[in-house]
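The chain contents come next:
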Amino acid sequence: MHWSERRWVRVLGGSRGQPLGIALLALVLTIELAPDLFGLGFIRLAAFDAYQRWAPRARHSGPAVIVAIDEESLRLHGQWPWPRTWLAQLVARIAEADPAAIGVDILMPEADRLSPARLPEFVPGMGQDLVQRLSSLPSNDTVLARTLQASRVVLGVAGLEAEVAGTRRSIRRVPFRTVGGDPRPLVRRFDATLHSAEEIDRVVKGHGLLSVDTERGVVRRMPLVATVGDALVPAFGIEMLRVAAGGAVVTVRTGASGVEALEIGDLAVPTEPDGSVRVHFARSDPARFVSAADVLAGKVDRHLLERKLVLIGVTALGLSDYQATPVTDRMPGVEIHAQLLENIFDTDLLSRPRAVVWAEAGLLLAGGLLLILTMPRSSPLASVALYVLMVGAIVTAGALLYLQRGILLDAASPSLALGTLFTAMLVVTLAETERHRQSLRRQVEQQREQAARLAGELEAARRIQMGSLPDPATAFPGDTRLDLYAFLEPAREVGGDLYDFFPLDRDRLCLLIGDVSGKGLPGSLFMAVSKALYKSAALRGVGSVDAVMREADGEISRDNAEGLFVTMLAGILDVRTGLLEYCNAGHEPLYLLPNGDRPLTRLTDGGGPPLCVLDGFPYAASARRLTRGDTICLVTDGVLDAMSPKAEAYGRTRFEALLEKVGRAASAAEIGEAIRLEVSRFADGVEQSDDMAILVLRWKGPSGR
Amino acid sequence: MDLRPKRYVDTVVLSPVGRIDHSTSEDFKITLAPHMTRCAEGQDRVILDFASVEYISSVGLRVLMLASKQAKSQRGSLGIAALQPAVREIFDISRFTMVLDVFPSVREGLARLSPKALAAFDAA
């Protein structure tokens, strides 16, 4: 059994695979709506990352500048961490340029061990008075705190999942206002925060959360607001904006579906329901950065920092925190915060409205149904074209939405889901086609077998029919008075034409030619019966040729249920005298080609209708005495009615001309073969439509010379 | 095959067209059958107008033979008229002139079979 005909394949692929297709569509729709249930959410994330890698955000305004403690800074000023007095110097330098706010993306949980009072720990053997003088100096932390206090500075804090030593559950309150409900149950929750040392921490204008969450190791979303304990905490960037705005209140707007937006003054930032935003990343850009070394050296143009949001962060390799983002595998954490600020300023955040989620499911449903409905009726090529077209449309829609509106439509998941469905349907459709082909092949085989059997039977029938015809070479052994030629060719395997010749006694022979009103098998059966009955009537010694004809007519008519008839031309030749008696029952008359210069004669006299036409018709005989060398020629209408390609009948005129041409001296075989050849040449390939028989007899006189 | 039957009182004239051979004779037989059913004593007489018949093979002759036998058994009258020369020759060779009444024209056939029909024919 061919694989496509196995039971399980038939069950699965039944009804052109549509039940399977619908089940599969339901499954992929479920996955589409709840991808993480099946661990397939990465496909969607990969699609969103692909958009950003392909067309990263263009950086329009530069609201944020990063003062980077980079390799150059470390080379000039030595290893990290620097004494906090240097940091204070850096902040002071920046503050001189009057920035909008300064954000310090550096956590300083412990007191600076490089404070003057602690120097004796590193430099043993200092004089007592030096130790005394050192300890009277203000600590580095005090110096930094003083500087920080003087400016609009935001310090970063880190959100922690668990409370450990050195952390606390509270945070200095940031003024929040909530509108439309309590956002706290909705937003990101931390159990504790890690702060800078108390002395520094308490003097600054603001505190912002530095933590970013990763999805599968990549930063894509950032919470703009979170909770620590029961307090709301702003993100680092948000807090910088608030401080820059002069310490305004942050409004959290919540709606039925969750957090909708964060507002600072007249700036509103739309958020996801959990208070986070999808950062639209631009490529890492050196233009965002100035080196801390340059700032300290006073080499940085004031305009570069003036009225900007200045972030201080560590970017030197080996020190800094790098994060993977959709656009690059390594981006300094501080740059991510800068990117967020650019997003907010240019209102260029990405979003994924609920409607888009439904649109994806809708596309999948519509595309899936289209595949299920059309694939069983279309060619594989058309199906492939349809699938490619659908995927092309979905990808185009996704790309346009991203480019024009910053809306994230997941083109990958529906395309892959449709691909799965398409493949399954294709396999099933092909299996069905294959099964169909197999069954056709079997049918053809059966028909061929049947045809072969029938052909075999017909071939056998043909052998029997042809075998029942006498052979001129052996019919009259040793009789030199006769020259005989006979030919019969049915239009199909068997036919209804007949001829016969046999001796009645030593000197008389009987010959006949006939044509049944029918061809093929029915004709051949009637032919065999007619021929046998005629011969038996003749051999019974009924007498003259007309008596035999009447006798045969009666016998053949008796068992003729089908109402067939047969034309018959019979003759009895006395070989001693040349007397030919003949009787024509509706057959083409016999042609006499006399030896010498007498004209060719068509013997139309005597006779009657074909046998079995008129009951008891009194057939009468005619007679003609042949002279030595005379030839008689008997044919059936298959010869005279043979058709040319121009649908012209061969006809009597051409036939008679041929007989004249072949000549009176020709042998029976020469004449017979000439007729055959000419008719076949005349037909010129046109299929023989009627049975054909030729009988030629040349009487060579009583002595046979 | 459309026999285009025309009735003249008690006589129906049927006019087949074209060749009556192996491929058309069965059709000819079937369309002829209902007319032959009514071709009986006291009912219709039938004349086959062969003016448009170009050729008739032995299979076609067989249909005519069977029709003739049916007409005879029903004591009906069946004639055939206006044979083209080629068909006339076939009739001569096969002696079907002895099987059916052959008339030179439809009019002469009507004249022979039914004076009433002839009157209608002439009036038409």
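Whatever comes next refers back to the structure up there.
Now for a quick tour of the structure. Nothing here was measured: the structure is a model prediction, and the numbers come from that model.

Once that is clear, we can look at the packing of helix α3 (residues 41-54) of chain A against helix α16 (residues 412-467) of chain A. All names here are of chain A. Taken N-terminus to C-terminus, the directions of α3 and α16 make an angle of 125°; their axes are 8 Å apart at the nearest point. Between α3 and α16, the angle falls in the class oblique. When α3 is examined against α16, the residues I43, R44, A46 and A47 are found in contact with a partner set consisting of A412, S413 and L416. Of the residues that constitute the contact of α3 with α16, the class distribution is 5 nonpolar, 1 polar and 1 charged.

On the side of chain B, 13 residues touch chain A, which itself brings 17 residues to the contact. Along the lines of polarity and charge, the residues of the side of chain A that touches chain B split into 7 nonpolar, 7 polar and 3 charged.

We now examine helix α2 (residues 58-73) of chain B. Here α2(B) spans 22 Å end to end across 16 residues, near enough to the 22 Å set by a 1.5 Å rise per residue. Turning to α2(B), its buried residues are S58(B), V59(B), G60(B), L61(B), R62(B), V63(B), L64(B), M65(B), A67(B), S68(B) and A71(B). Those residues of α2(B) that are buried are in contact with β23 (508-516) of chain A together with β3 (18-20), α1 (25-37), β5 (53-56), β6 (78-81) and α3 (85-94) of chain B. Just beyond α2(B), the residue with positive phi is R75(B), at close to 55°.

Here we take up the nonpolar core. Core analysis: the biggest nonpolar cluster contains 107 residues, and I66(A), V67(A), L90(A), V225(A), V310(A) and L421(A) have the highest contact counts within it. It is α16(A) that contributes the most residues to this core, 9 residues altogether. Each of two domains, domain 1 (3-54 + 352-438) and domain 2 (64-345) of chain A, supplies a minimum of three residues to this core. Setting aside anything within four residues of it in sequence, one finds V225(A) in contact with P183(A), V187(A), L232(A), V233(A), P234(A), A235(A), V252(A), L262(A) and G275(A). Of all hydrophobic cores here, the second largest spans 106 residues; its members include Y499(A), I694(A), V696(A) and F103(B).

Looking now at the environment of P120(A). Residue and element names in this part refer to chain A. Within the fold, P120 resides in helix α6 (residues 119-122). Its 16 C-beta neighbours within 10 Å are what place P120 among the partly exposed residues. Put simply, P120 and L134 are 14 residues apart on the chain and 8.6 Å apart in space, counted from C-alpha to C-alpha. In contact with P120, not counting residues within four places along its chain, are M126, V131 and L134.

Quick look at the sheet that holds strand β22 (residues 497-503) of chain A now. Residue and element names in this part refer to chain A. If you walk across this open sheet you meet the 5 strands as β22-β23-β24-β25-β28, and the pairing is antiparallel. Each edge of the open sheet carries a strand with a single partner, namely β22 and β28 (622-625). Strand-to-strand twist in this sheet, taken as the mean axis angle between neighbours without regard to direction, amounts to 15°. In terms of strand pairing, β22 meets β23 through 7 bridges, oriented antiparallel. In the sheet register, P503 faces β23, and the bridge partner there is L509.

Two measures define how a pair of helices packs: the angle their axes make with one another and the distance between the axes. Residue and element names in this part refer to chain A. Following both chains from N to C, one finds helix α2 (residues 18-33) and helix α14 (residues 354-374) inclined at 170°, their axes separated by 10 Å at the closest point. With respect to α14, the element α2 is oriented roughly antiparallel. Where α2 approaches α14, its residues Q18, G21, I22, L25, V28, L29, E32 and L33 are matched on the opposing element by E360, A361, L364, L365, G368 and I372. Taken together, the residues that form the contact of α2 with α14 break down as 9 nonpolar, 3 polar and 2 charged.

Rules and cut-offs
- Residues numbered from 1 in each chain as written.
- Chains lettered and ligands numbered in written order.
- Predicted model: local features only at pLDDT ≥ 70, side-chain atom pairs only at ≥ 80, totals over all residues.
- Axes fitted to C-alpha atoms, helices over the stretch in contact; angles between N-to-C directions.
- Helix = DSSP H or I, 4+ residues; strand = E, 2+ residues; numbered from the N terminus.
- Parallel < 35°, antiparallel > 145°, perpendicular 65-115°, else oblique.
- Contact = placed C-beta atoms within 7 Å.
- Nonpolar A, V, L, I, M, F, W, Y, C, P; charged D, E, K, R; others polar.
- Expected span 1.5 Å × (residues − 1).
- Buried ≥ 20, exposed ≤ 12 C-beta atoms within 10 Å, placed from the backbone.
- Core = buried A, V, L, I, M, F, W, Y, C linked by C-beta atoms within 7 Å.
- Domains from an automatic or database assignment.
- Pairing = 2+ DSSP bridges.

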